[in-house]
Every structure is written in structure tokens, then in C-alpha cells.
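Below are the chains, spelled out letter by letter.
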Amino acid sequence: MDFKNQNVLITGGASGVGKIMGRISLEKGAKSLIIWDINQDNINKVASEFASLGKVYGYRVDVSNNDSILEAYAATKADCGDVDILIQCAGVVTSNATFDKNTVVDITKTMTINAIAPMLVANAILPDMIARNHGSVCNIASAAGMLSLPNMSVYAASKWSVVGWSDSVRIELQKAKSKVHFVTIAPYFINTGMFEGVHSWLFPILDPEKTSARIVKAIEKDRRFRGLPFSFHFIRLCQGLLPARVIDFVFGEVAGIYHAMDNFTGRK
């Protein structure tokens, strides 16, 4: 889908790759950039920073709360009109603790924000897209939604959920011959601060600017699924062909992915 003259809504759009994709959207001629974020100070800063690039609207939204979503969507439609492109970036990782040390709060927060919130947001916006037979929804999952990683079991669970849900809706739209597109993105660790302390020697930590550009390109080309880096597409092939113990050895020990979270500190 072409970004030109489209209303682009980005959840978690006041920081990280969400912010970068917002800038790219405006540079590509978006009619307006709509930021949904929990941090009002960051919303204000981004709106001011991008003001010279085009129209920017910011709303403080708790995407884990359906009432907050519905209220923000009503305000968005009143102020901006229909949402043409929805990019779901809002996410959280709480710790690098093993599952037995996760609290109920950790589990609930991670699953609600990462897995349930994208469904709630889409549940509010998708029906209008379907009615107009126009729109694109991009869900940012994670490579952890393809390859299970230790010390982030709840995060992995939330991202496996996003991958499965997003691809299922894509198929539903395809069967209905709808012109609304669902794009699922599964990136490796991105150097935005969210995964501060992560170490990865074989697969490099992704550059936020380049990653954002690749995600935008995937939306423009209506890609069904995109793993980043591209080599992560081979994970599914390997999982289908190789025994679990071989996968554990190759990806976990040889590639070192199972130790990536050992020194995780996260965004302060």
C-alpha cells in the first residue's frame, strides 16, 4: 500500500522504531501521522519534532484498556478521518528471569500489552477498513515468535500469539477477497534500548533506521510475512526438518541465541 495521502496510525509511535516509521511515513507523503502512545511527554516531543514534515496528531492511549482504545479511536476519526494504515508497535519486555521467577504482574502485563492489545486495537479499527475495502494492518511480532528463547518465555509466548493471530486474520481476509491487508513482521533484537544488554555475536542486533525502512517497504509491497533479518525465514524450515536437540545446539549454543538475554538490563 502506498503511504502517500494515507492516514497512518502507529501504536507505540512516540519512541523506537514506531517513531522512526512515523517520520518515514510523513516523508513518503502521508496525509497525517497519528501517534498512540502511553507517554504524553514523548508524544509532545515527537509532534513538535515532526511538525515541519506534515500533520501530526497525538493521543495518550493505554492499548491494554479497551475503553481507552475506543475513546482514542473515536477522537481519531473525528480529528483525522479514516485510518488507512495501522502499524502496531507498542510492546514491553519485563525481565530476563526464568519462567518460575515471573510474577503474576509480569505475566499479565506482558501478555496484555504484547498479545491482547493488538487484537483489541484491530478489533476497533478493522471493521471500518473492511467496510471501505481499503486498508493495511502491520503487526510487529518478533523472531521470538518463531524461535523459543530461554529467559524470555512469557515474551516469546506473547509474540507466538501475535504471529498466529495476525496470520490467521490475513487468511480470513484473503478468503473474503478483501483488499484489506495484514502484514506480520518478526524482527530479531532491535537496538532501540528496549533490549539493552542483549548480546548476539552471530546474528547482529538490528539497526533501528534500516529495520524501520524495511518494515515500511514490506507494508508498501503487502508482504504477508517478513522475518528480519531474512535468514530467520530458514528457522521454520530447520524446525520442520531437524530434531529439537539439533535446533537447540545449532541456534542455542553454536549461534549463541539462547544466551542472548544473559546480561539483559532493558530500557531504564
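If you're wondering where the values come from, they're calculated on a predicted model, not measured in any experiment. (Residues numbered from 1 in each chain as written. Predicted model: local features only at pLDDT ≥ 70, side-chain atom pairs only at ≥ 80, totals over all residues. Heavy atoms only, no water.)

Caption draft 1: Inspection of the overall build of the protein chain at higher detail. When helices and strands are counted, the protein chain shows eight helices and seven strands. Against the 2.2 N^0.38 benchmark of 18 Å for 268 residues, the protein chain shows a C-alpha radius of gyration of 18 Å, consistent with a compact globule. Here the contacts in the protein chain between residues at least 6 apart in sequence split such that 72% fall between residues at least 24 apart. Within the structure as shown, the protein chain displays about 12,400 Å² of accessible surface, and the carbon and sulfur contribution to it stands at 54%. Where the 28 positive side-chain charges of the protein chain centre and where its 24 negative ones centre are 7 Å apart. (Helix = DSSP H or I, 4+ residues; strand = E, 2+ residues; numbered from the N terminus. Rg over C-alpha atoms; globule rule 2.2 N^0.38 Å. Contact = heavy atoms within 4.5 Å. Areas by Shrake-Rupley, 256 points an atom, 1.4 Å probe, with all protein chains shown as cover. Lys, Arg positive; Asp, Glu negative; His and termini not counted. Charge placed at Lys NZ, Arg CZ, Asp CG, Glu CD.)

Caption draft 2: Representation of the packing of aromatic side chains. Applying the stated criterion across every chain yields a total of two aromatic pairs. A ring pair is formed by Trp-165 and Phe-182, whose centres lie 5.7 Å apart and whose planes are at 80°; its orientation type is edge-to-face. Residue Trp-165 is located in helix α5 (residues 153-175), and its partner Phe-182 is located in strand β6 (residues 180-187); the two are separated by 17 residues in the primary sequence. Residue classification places Trp-165 among the buried positions, given a relative accessible area of 16%. (Phe/Tyr/Trp six-rings, centres within 6.5 Å; stacked < 30°, edge-to-face > 60°. Buried < 20%, exposed > 50% of the residue type's maximum accessible area, 1.4 Å probe, protein only.)

Caption draft 3: Spotlight on helix α8 (residues 244-254). Buried residues of α8: Ile-247, Phe-251 and Gly-252, and no others. Taken around the axis of α8, the buried residues stretch over an arc of 90°, which confines them to a single face. What points out from α8, more than 90 degrees from its buried face, is the exposed set Arg-245 and Phe-249. Of the surrounding secondary structure, the elements contacted by the buried residues of α8 are α7 (234-241). Two residues or fewer past α8, Gly-256 is found with a positive phi of approximately 80°. (Arc of directions from axis to C-beta.)

Caption draft 4: Here's a closer look at the state of the cysteines. Counted according to the given criterion, the structure contains zero disulfides. This cysteine, Cys-89, is not joined by any disulfide, and Cys-138 carries the nearest cysteine sulfur, 7.1 Å off. (Disulfide = S-S within 2.5 Å.)

Caption draft 5: The arrangement of the nonpolar core in detail. Ile-87, Phe-189, Phe-195 and Ile-257 are the most contacted members of the largest nonpolar core, which has 61 residues in total. Considering each element in turn, this core owes the most residues, five residues, to helix α1 (residues 16-27). When sequence neighbours within four positions are dropped, the list of residues in contact with Ile-257 reads Leu-147, Leu-149, Tyr-188, Phe-203, Phe-232, Phe-251 and Gly-252. Judged by nonpolar contacts, the second largest core, of 25 residues, contains Cys-80, Ala-117, Val-169 and Val-180. (Core = buried A, V, L, I, M, F, W, Y, C linked by side-chain atoms within 4.5 Å.)

None of the figures reported here should be taken as evidence of function without further support.
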